[in-house]
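Below, each chain spelled out in residue letters.
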Amino acid sequence: MELEAAKLKYIQTWGSLATSWGINKTMAQVHALLLVAVEPLSADAIMETLKISRGNVNMNVRALIDWGIVKKEFVPGERKEFFVADKDIWELFKQVTKERKRREIEPVLKVLDELQNDVTATTEEAQQFKALMKDLSSVTNTVNGILEKAIKADEHWLLSSFTKMIKK
């Protein structure tokens, strides 16, 4: 397979897989394109490669910048904006984990805490509900702690920890 065909296959596959994780297909494709690009890309280059509109490019690039996984890069002699993705996959993993934790896990923890503390009824049903919220909170806090350790850890710690878990 030629390199360009392999890159396009990767971009298409990554976009399709991303939808399983709740990520916009086009956003994943833009990110994948920027990951495999050797040089920073302009919005025009992204539009042409992915066959998407300027608005779609701008919206998805802004979202990737908000996630902290794409940056604008100055190209001498050019007036256009250029974009580049961080190529360090471990840092990418940590940044995505940090954002997902902030956007998904932390709001759930807040709601579970409110549900445990704000129910004032003392019936058996209310006690069962509060116990369930406490259990859900405990599991979610454990996941949150694991994600926090992954964010703060280096690559070797995570790999050795997974290896230990698999051997048990």
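Details of the structure are given in the entry above.
All of the points below concern the structure found in this document. (Residues numbered from 1 in each chain as written. Predicted model: local features only at pLDDT ≥ 70, side-chain atom pairs only at ≥ 80, totals over all residues. Heavy atoms only, no water.)

### Observations concerning a nonpolar patch on the surface
A cluster of nonpolar residues, Trp 14, Leu 17 and Trp 21, forms a patch on the protein surface that exposes about 290 Å² of accessible area. By the element assignment, Trp 14 lies in helix H1 (residues 3–20). (Patch = residues over 30% accessible without salt bridge, like charges linked within 9 Å, V, L, I, M, F, W, Y side chains within 5 Å. Areas by Shrake-Rupley, 256 points an atom, 1.4 Å probe, with all protein chains shown as cover. Salt bridge = Lys/Arg side-chain N within 4 Å of Asp/Glu carboxyl O. Helix = DSSP H or I, 4+ residues; strand = E, 2+ residues; numbered from the N terminus.)

### Details of helix H2 (residues 25–36)
For H2, with 12 residues, the first-to-last C-alpha span of 17 Å sits near the 16 Å given by 1.5 Å per residue. Across the 12 residues that make up H2, a large majority, 10, are buried. Taken residue by residue, H2 has Thr 26, Met 27, Ala 28, Gln 29, Val 30, His 31, Ala 32, Leu 33, Leu 34 and Leu 35 as its buried positions. Among the residues of H2, the N-terminal cap falls to Asn 24, whose side-chain oxygen and the backbone nitrogen of Thr 26 are separated by 2.7 Å. (Expected span 1.5 Å × (residues − 1). Buried < 20%, exposed > 50% of the residue type's maximum accessible area, 1.4 Å probe, protein only. Polar contact = N/O pair within 3.5 Å; in protein donor to acceptor, adjacent residues only side chain to side chain.)

### Notes on the pattern of salt bridges
Where charged atoms from two side chains of opposite charge come close, those side chains can pair. Evaluation of the coordinates by the stated rule reveals 12 salt bridges. Note that Glu 81 is salt-bridged to Arg 62, the shortest N-O span being 3.1 Å. Highlighted residues: Glu 81 in the loop between strand S2 (70–73) and strand S3 (82–85) and Arg 62 in helix H4 (residues 54–67), separated in sequence by 19 residues. Since its relative accessible area comes to 35%, Glu 81 is described here as partly exposed. Residue classification places Arg 62 among the partly exposed positions, given a relative accessible area of 33%. A salt bridge links Lys 101 to Glu 148; the nearest nitrogen and oxygen atoms lie 3.1 Å apart. Of this pair, Lys 101 sits in helix H5 (residues 89–118) while Glu 148 is found in helix H6 (residues 124–152), placing the two residues 47 residues apart along the sequence. Residue classification places Lys 101 among the buried positions, given a relative accessible area of 7%.

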